[in-house]
Amino acid sequence: MIGLRINKELIKGVLQAEISGRWIDYLYQNSEQHIQQILVGSSLNVNINRQLSAYLYYEGTFNDAGNTLNRLNLKVVQRF
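Residues numbered from 1 in each chain as written. Predicted model: local features only at pLDDT ≥ 70, side-chain atom pairs only at ≥ 80, totals over all residues. Heavy atoms only, no water.

## A few points about the overall build of the protein chain
Secondary structure summary: the protein chain contains 0 helices and 5 strands in total. Overall, the protein chain shows an N-to-C arrangement of helices and strands of β-β-β-β-β. Its C-alpha atoms give the protein chain a radius of gyration of 17 Å, clearly above 12 Å, the size a compact globule of 80 residues would have. Counting only C-alpha atoms and orienting by the principal axes, one finds that the protein chain spans roughly 55 × 20 × 20 Å. Considering only residue pairs separated by 6 or more positions, the protein chain has 24% of its internal contacts joining residues 24 or more positions apart. Only carbon and sulfur atoms are counted for the fraction: they give 55% of the accessible area of the protein chain, which is about 6,500 Å². (Helix = DSSP H or I, 4+ residues; strand = E, 2+ residues; numbered from the N terminus. Rg over C-alpha atoms; globule rule 2.2 N^0.38 Å. Contact = heavy atoms within 4.5 Å. Areas by Shrake-Rupley, 256 points an atom, 1.4 Å probe, with all protein chains shown as cover.)

Okay, structure coming up:
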């Protein structure tokens, strides 16, 4: 497995962004199955005020069989 992750605070205390990627080579010892996957992800975190923030995350998985899986996640956090 080889991976890379880069994150950057775009606006100090307000906006953070991240991109990531991984190359995974599965080789199972108990079978002949061999799978290669590439995972690509990105996220964005916005602090609206001291008590409210939003987080958006995307991840795509691509394998050597041509299958593509996509995941999108949105989280809103309200602190009291």
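Okay, back to it.
## Observations regarding the pattern of salt bridges
Here the structure, examined in full by the defined rule, presents 2 salt bridges. Put simply, Arg71 and Glu59 hold a salt bridge, and the shortest N to O gap is 3.4 Å. A residue pair is termed long-range when its members are at least 10 positions apart, and Arg71 in strand 5 (residues 68-78) and Glu59 in strand 4 (residues 52-63) qualify at 12 residues. (Salt bridge = Lys/Arg side-chain N within 4 Å of Asp/Glu carboxyl O.)

## Description of the pairing of strand 5
Looking at chain direction, strand 4 and strand 5 are connected through 11 bridges and run antiparallel. Looking across to strand 5, one finds that Tyr55 is bridged to Lys75. Here strand 4 folds back onto strand 5 in antiparallel fashion, the turn holding 4 residues, of which Gly66 has a positive phi close to 90°. (Pairing = 2+ DSSP bridges.)

## Side note on the side chain of Gln37
On the secondary structure map, Gln37 appears in strand 3 (residues 34-47). For Gln37, the residues in contact, after removing those within four places along its chain, are Arg22, Trp23, Ile24, Tyr26, Thr61, Phe62 and Asn63.

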